[in-house]
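Given next are the chains, with one letter for each unit.
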Amino acid sequence: MDNNLEKIKSRPALYEFYTAKELWNDEHTSKQMLSYHLNGDVDISSRRFEFIDKSVDWIASTFNVSGNTKIADFGCGPGLYAHRLARRNAKVTGIDFSKRSIDYAKDTAAKEKLAIKYINTNYLVFDTDERFDLILMIMCDYCALSTEQREKILQKFYSLLNPGGSVLLDVYSIVAYEEREEQSVCEENLLDGFWAEGEYKGYLNTFKYEEDKVILDKYTIIEQERVRTIYNWLKYFTPEELEKEFAEARFKIEKFYSDVAGTPFDVKGTEFAVIATK
Ligand SMILES: C[S@@+](CC[C@H](N)C(=O)[O-])C[C@H]1O[C@@H](n2cnc3c(N)ncnc32)[C@H](O)[C@@H]1O
């Protein structure tokens, strides 16, 4: 047990493991995630519906969304943005590796007769001959990627955009990094049953990687039948650092905002958004 505890509390090397797919696809946790996405009153998995409505209004006016606008939504979840944009006639492609979310998105689009292309795959390997005017990656998904994955995804965005096309994404700021602390928690049914259907013991070990401004929430979930470890990496940015990553991928930063609804940038904010153009 001591040996196990040591393993549970051990700090892995930066980006040593990538377990996002297990988190979003596990039979039980994907169900929890979908119910959070569809709860319009909380900012978990997706933002509250009031914000999403405001965000889509802003996106539609900022990018002159019309019947000719081709949009790719990376990590579209159950299609909360994709549906709203398709209702404004945009030609939308949604990409997500959560089968549960994509199945839900496809069903609801079919009911409304919205011609959205939903693709159930890892967006790091997604490719197509289509070209887009706008690429979205909303709710700080960019922060969950390693340095190498971020480099790869920006190259992908660049090659998938039409000339003059834009990326809109949001990230956690360095202010949010400073607010967080390392911790070691052990609880029966950690997060009120989020991690498994039956009884389990859940460990949360939070590690800060000071030099890189990355935080890892390492969850170890111990059930009768299985033990699993989920690694949630989050990179926190300054605008300068984000600008550098985009510049290295040949993008030009148009503007920073506080969020993807066009709220003016605030240096004290815990998140910020960016529009970058090819
Ligand atoms: C925080 S949720 C945001 C969903 C949506 N953008 C929204 O704001 O409503 C992140 C989504 O990205 C998806 N995702 C994370 N990593 C992914 C990857 N590598 N490939 C495809 N989808 C991914 C998850 O399944 C999840 O649906």
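Bear in mind the structure is a predicted one, so any value in this text is a computation, not a measurement.

**Student:** Can you tell me about the pairing of strand β1 (residues 70-74), naming the residues and giving the values?
**Tutor:** For β1, a buried count of 4 out of 5 residues is recorded, marking the element as mostly surrounded by other parts of the structure. Two strands pair when backbone bridges link them, and β1 and strand β2 (residues 91-96) are joined in this way by 5 bridges, in the parallel orientation. When the bridges of β2 are listed, F74 appears paired with I95. On the question of chirality, the crossover connecting β1 to the parallel β2 by way of helix α5 (residues 80-86) is right-handed.

**Student:** I'd love a proper account of unusual backbone geometry, names of residues and values included.
**Tutor:** The backbone of N189 sits at a positive phi, close to 50°, despite the residue not being glycine. Counting through the fold element by element, N189 comes out in the loop between β6 (183-188) and β7 (201-209). Look at N189 and you get partly exposed, because 15 C-beta atoms sit within 10 Å. Notably, K213 is not glycine yet its phi reads approximately 55°, a positive angle. Along the chain, K213 turns up in the loop between β7 and β8 (214-222).

**Student:** Talk me through the environment of F63; I want residue IDs and the actual numbers.
**Tutor:** Relative to the helices and strands, F63 is located in the loop between α4 (49-62) and β1. F63 sits in the partly exposed class, given 19 other C-beta atoms within 10 Å. Sequence separation between F63 and G165 is 102 residues; the distance between their C-alpha atoms is 9.5 Å. Not counting residues up to four positions away in its chain, the partners in contact with F63 are T69, L134 and S166.

**Student:** If you had to explain the nonpolar core to someone new, which residues and values would you point to?
**Tutor:** Counting residues in each nonpolar core, the largest one holds 58 residues, and the members touching the most others are I135, L136, L168, L169 and V171. The element that contributes the greatest number of residues to this core is strand β5 (residues 161-173), accounting for 6 residues. Counting 7 residues, the second largest nonpolar core, distinct from the first, contains L190, A196, I221 and I222.

**Student:** Describe the site of the ligand, naming the residues involved and giving the relevant values.
**Tutor:** Within the structure, the ligand sits among 20 residues, and W24, S46, G75, G77 and S98 are positioned closest to it. Of all the secondary-structure elements, those providing two or more residues to the shell around the ligand are α2 (20-25) and β2.

**Student:** I'd like a rundown of helix α6 (residues 99-112), residues and numbers included.
**Tutor:** The first and last C-alpha atoms of α6 sit 20 Å apart over 14 residues, in line with the 20 Å expected at 1.5 Å per residue. Among the residues of α6, R100, S101, I102, A105 and A109 are the ones counted as buried. Turning to α6, the residues buried within the fold contact α3 (27-37), α5, β2 and β3 (117-120). Directly after α6, the chain includes K113, whose backbone phi takes a positive value near 55°.

So, how was this worked out
- Residues numbered from 1 in each chain as written.
- Predicted model: local features only at pLDDT ≥ 70, side-chain atom pairs only at ≥ 80, totals over all residues.
- Buried ≥ 20, exposed ≤ 12 C-beta atoms within 10 Å, placed from the backbone.
- Helix = DSSP H or I, 4+ residues; strand = E, 2+ residues; numbered from the N terminus.
- Pairing = 2+ DSSP bridges.
- Right-handed = clockwise from strand over helix to strand, strands pointing away.
- Contact = placed C-beta atoms within 7 Å.
- Core = buried A, V, L, I, M, F, W, Y, C linked by C-beta atoms within 7 Å.
- Near = placed C-beta within 6 Å.
- Expected span 1.5 Å × (residues − 1).

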